[in-house]
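# Structural characterization, general
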Amino acid sequence: MGIACGIVGLPNVGKSTLFNALTSNQAEAANYPFCTIDPNVGIVSVPDKRLDVLSGMYNTERTVPTIMEFVDIAGLVKGAASGEGLGNQFLSHIRETDAVAHVVRCFNDDNVIHVDNTINPKSDIETIETELLLKDVESVEKRMETVNKKARGQDKDAKEELEILQELKAHLNSGKQARLFRRDDEKVTAIVKQCFLLTDKPVMYIANTDEEGLKKGNEYIEQVRKIAAEEGALVVPICAKIEAEIAQLDPDDRELFLQDLGMEESGLDRVIREAYTLLGLVTYLTAGKKEVRAWTVKKNSTAPQAASVIHTDFEKGFIRAEVMKYADVERLGSEQAVKDSGLYRVEGKEYIVQDGDVLYFRFNV
C-alpha cells in the first residue's frame, strides 16, 4: 500500500534539511523563503532489524523492506490560503498526502532568519493551522454550494448533508481542526471524508532543535508538547542538522556516532516509526530462501485483507494463513524449531494480523 507523509512548516524551519536526511536526496536547502517551489518526493525504506535477522536465518537471496513516501512541501506563510507565497499550489500538495509532519523551529540561531523574526513555536503552529483551516472552510463552502442545489429540489439526503456541512463549517470557523469533528455515525464520517479536508489528516509535530535541546530539552519543545497534548498529536524532537550529518555516514560509523551522542537510534528512524503509528499501520513479514519482505497493512486487518497487499488473488482464493510470531522465531532460531515447539499456527479468515507476524498464505484461484 502506498503511504505518503507531507512535511510542512514555515520557511526556514528545517524542512528541506530533514527531507534530505530522510531520503538522502539533495533538495535545495537555502537560507531564504520559497527555495522549494515544487514538492520534492522521496521514497524511504522503513528501518526494521527483524528483516536482517530473518535474512540471515533463511540465507535469503533478496531482502525487501516496506517503504514510505515523504513529500517536502514548500514553506507556507500567513495568507497562503488566499495565494500568498504560491500558497494555493502548496496547499494542494498537502491534500494528496495521507498524513502531515509539521516541522516547528525550536532553536535559536542568528544566522538562520525566521520569517517573522522571532522564535515562537505556538505562533508558528497557529499560522500554519489557520491557513489549513481557511482552505478547509473554502472546500466545505464549495461542497455546500453543490449540495444546496439538490436540497432546494427537496432531496432528503441532500438536506441532511447540508445540515452536517453547516455544522462542520461552524466547527472549522471556531478554530478546531476537522479531525476533531464528531464521527458519531457512518454518514457524518463519509461526508467529512468526501470533502478531502487538510485538517482531517493525522498530524505529527517534529520539534527541530539544536544538539543541546535534543539532549536536555528546552522551552520551545515544551510549547510544542503542550499543543500536541491538547490535540492528541505526536511529538518527535530531532536535530535536523545532526540527522543530515548522520545520513552521510557509512552504517558502521553511523552506529558509533549515535553512541557518542547517547542515542539508541537516529531521529529519522523515530520519525518514520511514529509516522507508522500515526497512520495506524502494522508490518507483517514473509520469509523464505528466495525473499524476506516486509508488508504494510492497517491495524485490525484480517488475514485475507493482509494477503491482498501481496496480490488480490490471494484474498479471493484465501484458504488459510500459517503464522509464526517473529519473537518466537528469533528466540528459537529457526522455523523448524518454532514448529517443534508447537508455536506454528494455522489461522482462518477471521484472524487479525499482528505486527511482527511471519505469515505464509495458502490460496486457490
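Residues numbered from 1 in each chain as written. Predicted model: local features only at pLDDT ≥ 70, side-chain atom pairs only at ≥ 80, totals over all residues. Heavy atoms only, no water.

Turning our eyes to something else, we now look at a nonpolar patch on the surface. Nonpolar side chains collect at one region of the surface, where Val41, Ile43 and Ile67 lie side by side and expose about 260 Å² of accessible area between them. Mapped onto the fold, Ile43 is located in strand S2 (residues 40–45). (Patch = residues over 30% accessible without salt bridge, like charges linked within 9 Å, V, L, I, M, F, W, Y side chains within 5 Å. Areas by Shrake-Rupley, 256 points an atom, 1.4 Å probe, with all protein chains shown as cover. Salt bridge = Lys/Arg side-chain N within 4 Å of Asp/Glu carboxyl O. Helix = DSSP H or I, 4+ residues; strand = E, 2+ residues; numbered from the N terminus.)

With that out of the way, let us pick up the confidence of the model for the protein chain. Per-chain confidence: the protein chain averages 86 in pLDDT, with 88% of residues scoring 70 or above. Confidence, expressed as mean pLDDT per element, reaches its minimum in the protein chain at helix H3 (residues 87–95) with 68 and its maximum at strand S11 (residues 345–347) with 97. Note that pLDDT drops below 50 for residues 25–37; the model gives that stretch 37 contacts with residues more than four away or on any other chain. (pLDDT = per-residue confidence, 0-100. Contact = heavy atoms within 4.5 Å.)

For the rest of this paragraph, the subject is the layout of surface pockets. Taken as a whole, the largest pocket spans an internal volume of roughly 1,100 Å³. Around the largest pocket, the lining comprises 35 residues; the ones closest to its centre are Val46, Pro47, Asp48, Ser266 and Asp269. Secondary structure elements with two or more residues in the lining of the largest pocket: helix H1 (15–23), S2, helix H2 (49–58), helix H9 (240–247), helix H10 (251–261), helix H11 (267–278) and strand S8 (281–287). When grouped by side-chain class, the residues that make up the lining of the largest pocket number 17 nonpolar, six polar and 12 charged. (1 Å grid on protein atoms, 1.4 Å probe; cavity = no way out; pocket = protein on both sides within 12 Å on 5 of 7 lines; lining within 4 Å. Points joined across faces, edges and corners; volume = space filled by probe spheres on them. Nonpolar A, V, L, I, M, F, W, Y, C, P; charged D, E, K, R; others polar.)

With that settled, consider the pattern of salt bridges. As a working rule, side chains carrying opposite charge can pair if their charged atoms are close by. In the structure shown here, the tally under the stated rule is 25 salt bridges. Note that Asp48 is salt-bridged to Arg50, the shortest N-O span being 2.9 Å. Residue classification places Asp48 among the buried positions, given a relative accessible area of 16%. Arg273 serves as the salt-bridge partner of Glu265, at 2.7 Å between the closest nitrogen and oxygen. Judged by relative accessible area, Glu265 falls into the partly exposed class, the value being 24%. A cluster of three or more residues bridged by salt bridges with shared partners is formed by Asp48, Arg50 and Asp355. (Buried < 20%, exposed > 50% of the residue type's maximum accessible area, 1.4 Å probe, protein only.)

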